[in-house]
Amino acid sequence: MSAETRPRLIESIGHKRLSFREWRGRRPFWGGLLTLLGGVPIMYFPYAHLTLGGMTLSMATTAGAGSLIIGVLLVVLGLTMWFQPASRVFAGVAAILLSLVSLVVSNFGGFVVGFLMGLIGGALAVAWAPGSPESKGDAGEAARDVPAGPVLATHPTPATGAGSGSGFGLDDLSGTSPTNGPNNGRHRAG
């Protein structure tokens, strides 16, 4: 490795990191990750064999196939949240429902670990909403949103009589009235 290739390597790693960060920001990444990871213990524990000394423990249940199906579906739903962010609500609700079913079917939802990860991941996917893209200003920097202040009427329309107009001049909050002039007891802030 020469002195010239090292800066290019650092730049390419930085560029890949920034592009991954941008990709991650456009989808429910953490919801998909937790859902995907929640499916692993749910489908693993019914088929696991734990050896303690000379004794083998098996967590196999009669619903081993159901555990495998639920775990695989949670993994697929986690990947769906990543690669099809438009269907995040469906995938999130399905992940929540499958996590609840896994409590009954597969060893208390992968000993509650898979259940909690699938439940939280599904909730994160349902709650996630895509952000609006930043608008660029003239100099290439992000434009700041300035909140609008109160709208003040500079030339209010006076009430023209006893029965005309909406509200008979009572909806005029400018501080003036046709009868009292500018000093009618109401004060304007500002």
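Just above, that's the structure.
An account of the accompanying structure is given in this report.

Rules of the game
Residues numbered from 1 in each chain as written. Predicted model: local features only at pLDDT ≥ 70, side-chain atom pairs only at ≥ 80, totals over all residues. Heavy atoms only, no water. Helix = DSSP H or I, 4+ residues; strand = E, 2+ residues; numbered from the N terminus. Buried < 20%, exposed > 50% of the residue type's maximum accessible area, 1.4 Å probe, protein only. Contact = heavy atoms within 4.5 Å. Areas by Shrake-Rupley, 256 points an atom, 1.4 Å probe, with all protein chains shown as cover. Salt bridge = Lys/Arg side-chain N within 4 Å of Asp/Glu carboxyl O. Pairing = 2+ DSSP bridges. Expected span 1.5 Å × (residues − 1). Arc of directions from axis to C-beta. Core = buried A, V, L, I, M, F, W, Y, C linked by side-chain atoms within 4.5 Å. Phe/Tyr/Trp six-rings, centres within 6.5 Å; stacked < 30°, edge-to-face > 60°.

For the protein chain, the helix and strand inventory stands at six helices and two strands. From first element to last, N terminus to C terminus, the protein chain shows the α and β order α-α-β-β-α-α-α-α. Split into buried and exposed, the 190 residues of the protein chain put 25% on the buried side. Looking at the protein chain alone, contacts between residues at least 24 apart form 61% of all its contacts between residues at least 6 apart. Here the protein chain has roughly 13,200 Å² of accessible surface; of this, 66% comes from carbon and sulfur atoms.

For the rest of this paragraph, the subject is the pattern of salt bridges. All told, the structure shown has one salt bridge when counted by the stated rule. In this structure, Arg26 engages Glu22 in a salt bridge whose closest nitrogen and oxygen atoms are separated by 3.9 Å. Judged by relative accessible area, which is 52%, Glu22 ranks as exposed.

Time to look at the pairing of strand β2 (residues 55-58). By the bridge criterion, four bridges tie strand β1 (residues 49-52) to β2 in an arrangement that is antiparallel. Looking at β2, one finds that Leu52 is bridged to Met55.

Attention shifts here to helix α3 (residues 64-83). In this model, α3 (20 residues) spans 29 Å end to end at C-alpha, consistent with the 28 Å of a helix rising 1.5 Å per residue. Residues of α3 that are buried include every one of Gly64, Ser67, Ile70, Gly71, Leu74, Val75, Leu77, Gly78, Met81 and Trp82, and no others. All buried residues of α3 project into a common sector of 160 degrees when viewed along the axis, lining one side. In α3, the exposed positions angled more than 90 degrees off the buried face are occupied by Ile69 and Phe83.

In this structure, Ile42, Ile70, Leu74, Leu77, Met81, Ala91, Ala94, Ala95, Leu98 and Ala125 together form the largest nonpolar core, which totals ten residues. Elements represented by at least two residues in this core include exactly α3 and α4 (88-105). When sequence neighbours within four positions are dropped, the list of residues in contact with Ile70 reads Ile42, Leu98, Val101, Ser102 and Val105.

By the definition in use, this model includes ten aromatic pairs. Relative to Phe83, the ring of Trp82 lies with its centre 6.4 Å away and its plane at 85 degrees, an arrangement referred to as edge-to-face. A relative accessible area of 13% places Trp82 in the buried class. Here the aromatic cluster, defined as three or more aromatic residues joined through ring pairs, consists of Phe20, Trp23, Phe29, Trp30, Trp82 and Phe83.

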